[in-house]
Structure formats: structure tokens, C-alpha cells
Amino acid sequence: MKGRAWITDKRVVCSLSLLACLLWGSAYPAIKTGYSLFSIGPDDTAGKFLFAGYRFFAAGLFLIGFCAATGRKAFDIGAGLFGRLALLGVGMTTLQYIFFYIGLSHTTGVKGAIMNGTTTFFSVIAAHFVFKAERLTARVVAGCVIGFLGVIFVNFSRDLLDLHFTFTGEGFLVIAALVLAVSSIYGKVISQGMDSVVMTAWQLSIGGVLLIVLGYAMGGSLTGFTPASTALLCYMALLSSAAFAIMATLLKHNPVSLFSIFQFTVPIFGAALSAMFLGEKLLEWKNLVALVCVCAGIFLVTYVREPKKKS
């Protein structure tokens, strides 16, 4: 137990949780930058699928290598379990990122980061109907309402007289968040009987391969491989595998309540990094209000009060 004491230290949990959320948040400007480096236009749907497919297939391979290096049984998978992992890969990676990559190409990184925060709200609502221990409370409902108000608010124009919302832009991002939430519930069920890191490795690999096949079947191609674009693609694959590995390791040795609260930092990091690297406007008052609403909603939804210790 002493050898594992460091992973239960609250300072370590805090640092690693923030690192994982920072990595996930950095994906927003990275994807938008990748579109430019690989010359993927707004209407190049097949190119977006290939871009996503290469990223997640590589991320899955990185995680499979990590599993092998740490002694996990990455290849001890029967036909039945492989079928369930394939279904998870279709939902969590293929289907989700079809909507996510298309949606993000039709809106800004700042709005994308804020709107994708709805994943948390969809997750708790779905969990209410699946897991008896995860019921909706007044606090959770309030958090969902506040968060969704933020999502609605960010889509208004500056004078609040016009709602800027497109189905293939912001609409697809909301659908992506819903697909991820439902897939996460299914993933939680599967993970009860296997290593969560191995599960993640296979669903990323399978989902990535399907995106690649779909992209080529649609007549797409991914060109523009330069040192800069290749480095970006490798970074995006590594950020996915590293973030999932970090969170899976923390989950194994710590209670969920200890670090679930850090989820609210993902839209903060995503919006701030998009503003920093893409030159997008974050400091518009409606964006800040929307970001505060979404983060406050996620805080209310995910916060779990630790029980008082008996003296």
C-alpha cells in the first residue's frame, strides 16, 4: 500500500486531474489548427473523418502499448467482449466524433468548448434512468438548468436580439455531447468486468479504424503532412491516450467524489486556449456569462460532499 500512497495524495490527484482536463481542453484549438494545416475545408466531411480516425487509432495504439508496458492483459479479450467493445467504439468514438468534428468546423473553438460542457448534464440525466445509486436531486436539476441556460446564452448575438444557432454547427456539438453521455453510461457498465484502460484502448482503436474506413469510402484523402501537421496529429493522439490513462489510474485508487469536481475546468481551458491560439474572442460579456453558467452547472452536478469523519 505504501508504494501506492502517492496516487492517493490529494495534491497529486489535484495536479493530475487538472492536467487531464487541460489536455482535453487543448483539443479544441488543436482540431481547428489541424483543419488549417491539413487544408480541410468546411465542406470536406471525408477529410474530417480521416483526420479524426488517424488521431484516435493512434491514441488507441498508444494506450495498448501502455497497457502492455504496465502488465495489463490488453489482448485477453473474447469474442463476446470484443463485440461490446466494438459497439462502444462505434458510439463513443466513431459516432460522437462524426458530429463533433463537423460541428466544430462550423463554429468557434470558444463556443465549441462551452457547448460541449453539456456532456456532463446529459450524463447525469441518463445515469438517473440506469443506475439506482445515481438519482437526480434538486441540486443536480438546478445545475442542469443553469448549464443549459449558459449554452443558450452563448448563441445569442451581442444585443441579445438574435439567436445564432445552426444545426450542422452548434446543433451537431449538442448531439455529440448527447452521444458521448449515453456511450459513457454503456462504457461504465462494461468497465465493471474489465480494466478501464484496456477498454478505452480498444474502443479508441476500433472507433478510429471505422472513421478511417468511412473517410476513404467517401472518397476522402488526408494530405498536407509536414513536420508541423504531423507533430500536431501526434500531440492530439497523445493527449487523448494520456488524459484517459491519467483519469483511469486515478479512478482505480481514489473515490470518484475526490476529483469529479475538476470536470468544470474543461470548458474553461478549452475556451481560454481557443482564444489564445486562434485569436477568438473570449472576453465578450455574453461568452463570460455563458462560461460561468456552464461551469457553475457542472460544479453543482458533479460535486459530492465528503462524509464527516466520526471523532
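Within an unreviewed UniProt entry, the label attached to the chain reads EamA family transporter, and the organism entered is Ereboglobus luteus. Recorded in UniProt under Subcellular location (unreviewed entry), the annotation for the chain is "Cell membrane".

## Observations concerning the overall build of the chain
Of regular secondary structure, the chain possesses 13 helices and zero strands. Put simply, the chain runs from its N terminus to its C terminus through helices and strands in the order α-α-α-α-α-α-α-α-α-α-α-α-α. Burial analysis of the chain (311 residues in total) assigns 51% to the buried set. Residue pairs at least 24 apart in sequence account for 86% of intrachain contacts in the chain once pairs closer than 6 positions are excluded. In the structure as shown, the chain presents an accessible area of about 14,800 Å², 70% of it carried by carbon and sulfur atoms.

## Looking at the nonpolar core
I31, F51, L85, F100, Y101 and M236 are the most contacted members of the largest nonpolar core, which has 58 residues in total. Among the elements of the structure, α2 (10–37), α3 (45–69), α4 (79–104), α8 (167–191), α9 (196–217) and α10 (227–253) are those that each provide at least two residues to this core. With 11 residues, the single largest contributor to this core is α4.

## Quick word on the packing of aromatic side chains
Between two aromatic rings, the relevant description is the distance of the centres plus the angle of the planes. Tallied over the full model, the rule gives 13 aromatic pairs. Here F38 and F225 contribute two aromatic rings whose centre-to-centre distance is 5.1 Å and whose plane-to-plane angle is 75°, an arrangement assigned as edge-to-face. Linking F38 in the loop between α2 and α3 with F225 in the loop between α9 and α10, this pair joins segments that are 187 residues apart in sequence. Residue class for F38 comes out buried when judged on its relative accessible area of 2%. Where F75 meets W202, the ring centres are 6.0 Å apart and the plane angle is 85°; that geometry is what we call edge-to-face. In this pair, F75 is assigned in the loop between α3 and α4 and W202 in helix α9, connecting sequence segments 127 residues apart. Given the relative accessible area of 61%, F75 is considered exposed.

## A short note on the confidence of the model for the chain
Close inspection of predicted coordinates is inappropriate for parts of the model with low pLDDT. Looking at the chain as a whole, its pLDDT mean stands at 78, while 72% of the residues score no less than 70. Mean pLDDT across the elements of the chain ranges from a minimum in helix α11 (residues 256–259), with 49, to a maximum in α9, with 93.

## Observations concerning the pattern of salt bridges
In the structure shown here, the tally under the stated rule is one salt bridge. The partner of R72 in a salt bridge is D195, and the shortest N-O contact between them spans 2.9 Å. One end of the pair, R72, is in the loop between α3 and α4; the other, D195, is in the loop between α8 and α9, with 123 residues separating them in the sequence. A residue is classified by how much of its surface remains accessible, and R72, at 18% relative accessible area, is buried.

## Concerning a nonpolar patch on the surface
On the surface, a cluster of nonpolar side chains totalling about 210 Å² of accessible area is made up of V90, L95 and L210. Exposure remark for L210: the relative accessible area of 35% places this residue in the partly exposed category.

Cut-off values and rules
- Residues numbered from 1 in each chain as written.
- Predicted model: local features only at pLDDT ≥ 70, side-chain atom pairs only at ≥ 80, totals over all residues.
- Heavy atoms only, no water.
- UniProt positions renumbered as here; feature names shortened; annotations may be inferred.
- Helix = DSSP H or I, 4+ residues; strand = E, 2+ residues; numbered from the N terminus.
- Buried < 20%, exposed > 50% of the residue type's maximum accessible area, 1.4 Å probe, protein only.
- Contact = heavy atoms within 4.5 Å.
- Areas by Shrake-Rupley, 256 points an atom, 1.4 Å probe, with all protein chains shown as cover.
- Core = buried A, V, L, I, M, F, W, Y, C linked by side-chain atoms within 4.5 Å.
- Phe/Tyr/Trp six-rings, centres within 6.5 Å; stacked < 30°, edge-to-face > 60°.
- pLDDT = per-residue confidence, 0-100.
- Salt bridge = Lys/Arg side-chain N within 4 Å of Asp/Glu carboxyl O.
- Patch = residues over 30% accessible without salt bridge, like charges linked within 9 Å, V, L, I, M, F, W, Y side chains within 5 Å.

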